[in-house]
Amino acid sequence: MSAIQEAIRHIHAQLPEGVGLVAVSKFHPAEAIEEAYAAGQRIFGESHVQELAAKCPVLPQDIEWHFIGHLQTNKVRLLVLHVSLIHAIDSEHLLREVNKQALRAGRRIDCLLQLHVAQEETKFGFAPEEAMAFVREGAWQQMEGVRLAGIMCMASNVDDEAQIRSEFRRAAETFRAMRQELASSPTLPLAELQAFRHLSMGMSHDWHIAVEEGATLVRIGTTIFGERQY
Ligand SMILES: *Cc1c(COP(=O)(O)O)cnc(C)c1O
């Protein structure tokens, strides 16, 4: 068994029932993805639109491509042709653009709101209370090219486990509060409530903590594929 296949099996063996693995293949060649695919992995995460668009056509059709990086509005048109879930919607403006381009492509795309819970200034995303207000206000319900499928976050890039845990916990609390808010809406169709299901958090160095705090999707690159190439 290759190192990639072994790493995938090892992670799957540790993931609780109901937690999905996004294998983050950015900067790794199609051959590496094929190896992971052979081990049964079907969800792959990329963070550059051109790279994703180049890999898609040369790899198996039943791969589910997730976009996990910072997304610029001028790349959305190309992305919507290939992607099944966009993790990092960091503004209403971006969500509206995805909606517009998805409608144009005749698609409906699952999107996660990126929550800013880390202490680093440079991280993108909604503050928890902003994201909550956005969900409550409900303009997204009119956007038929997108479906709100949950939230994602990144913890601060630190060694302090307690800090990482408290950031993930804040995201999980926000996620639960949002689900409650949606569940109490008299007008929201049940299918839309059920669609709001993902809490995407945890990377190679902190995914165990994220799972303990309630992640439903973890995004793991280095542990599977090794250090990034090119
Ligand atoms: C690159 C990346 C990952 C994976 O990081 P690893 O440390 O290689 O596991 C996860 N999430 C996002 C948003 C990323 O950009």
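What counts as what
Residues numbered from 1 in each chain as written. Predicted model: local features only at pLDDT ≥ 70, side-chain atom pairs only at ≥ 80, totals over all residues. Heavy atoms only, no water. Helix = DSSP H or I, 4+ residues; strand = E, 2+ residues; numbered from the N terminus. Salt bridge = Lys/Arg side-chain N within 4 Å of Asp/Glu carboxyl O. Buried < 20%, exposed > 50% of the residue type's maximum accessible area, 1.4 Å probe, protein only. Near = heavy atom within 4 Å. Polar contact = N/O pair within 3.5 Å; in protein donor to acceptor, adjacent residues only side chain to side chain. Areas by Shrake-Rupley, 256 points an atom, 1.4 Å probe, with all protein chains shown as cover. Nonpolar A, V, L, I, M, F, W, Y, C, P; charged D, E, K, R; others polar. Contact = heavy atoms within 4.5 Å. Expected span 1.5 Å × (residues − 1).

Focus on unusual backbone geometry
Here comes step 1: Of note in the backbone geometry, Phe27 takes a positive phi value of approximately 65° without being a glycine.
Here comes step 2: With respect to the secondary-structure elements, Phe27 resides in the loop between β1 (20-24) and α2 (30-38).

Digging into the pattern of salt bridges
Here comes step 1: Going through the model one piece at a time under the given rule, you end up with 14 salt bridges.
Here comes step 2: Arg165 is paired through a salt bridge with Glu212; the nearest N and O atoms lie 2.8 Å apart. Separated by 47 residues along the polypeptide, Arg165 in helix α7 (residues 161-183) and Glu212 in helix α9 (residues 207-212) bring together distant segments of the chain.
Here comes step 3: A relative accessible area of 54% means that Glu212 is categorised as exposed.
Here comes step 4: As a salt-bridge pair, Arg169 and Glu213 come within 2.8 Å of each other at their nearest N and O atoms. On the criterion of sequence distance, the pair formed by Arg169 in helix α7 and Glu213 in the loop between α9 and β8 (217-220) is long-range, its members being 44 residues apart.
Here comes step 5: With a relative accessible area of 40%, Arg169 lands in the partly exposed category.
Here comes step 6: Through salt bridges with shared partners, a single ionic network connects Glu161, Arg165, Arg169, Glu212 and Glu213.

Quick word on the site of the ligand
Here comes step 1: Around the ligand, a shell composed of Val24, Lys26, Ile68, Met154, Met203, Ser204, Arg219, Ile220, Gly221, Thr222 and Arg228 is seen.
Here comes step 2: One of the side-chain nitrogen or oxygen atoms of Ser204 is found 2.6 Å away from an oxygen atom of the ligand.
Here comes step 3: Take Arg228: an N or O atom from its side chain is 2.8 Å from an oxygen atom of the ligand.
Here comes step 4: For the ligand, whose unbound accessible area comes to 380 Å², protein coverage reaches 90%.
Here comes step 5: Among the residues forming the shell around the ligand, the class breakdown is 5 nonpolar, 3 polar and 3 charged.

Some thoughts on the side chain of Thr216
Here comes step 1: Within the secondary structure, Thr216 sits in the loop between α9 and β8.
Here comes step 2: A polar contact of 3.4 Å, which involves the side chain of Thr216, links it to the side chain of His198.
Here comes step 3: Looking at Thr216, its side chain comes within polar contact range of the main-chain nitrogen of Leu199, at 2.8 Å.
Here comes step 4: Setting aside residues up to four positions removed in sequence, Thr216 forms contacts with Gly18, Val19, Gly20, Arg197, His198 and Leu199.

Quick look at helix α5 (residues 92-104)
Here comes step 1: If you check α5, its first and last C-alpha atoms are 18 Å apart, about what 13 residues at 1.5 Å a residue would give, namely 18 Å.
Here comes step 2: Taken residue by residue, α5 has Leu94, Leu95, Glu97, Val98, Asn99, Gln101 and Ala102 as its buried positions.
Here comes step 3: Of the surrounding secondary structure, the elements contacted by the buried residues of α5 are α4 (76-79), β4 (85-89), β5 (109-115), α6 (128-137) and β6 (146-153).

Structural notes on the side chain of His87
Here comes step 1: Checked against the element boundaries, His87 lands in strand β4.
Here comes step 2: Within the local environment of His87, its side chain forms a polar contact with the side chain of His66, the two groups lying 2.9 Å apart.
Here comes step 3: Excluding residues within four positions of it along the chain, His87 makes contact with Val22, His66, Phe67, Ile68, Leu112, Leu113, Gln114, Met152, Ser200, Leu217 and Arg219.

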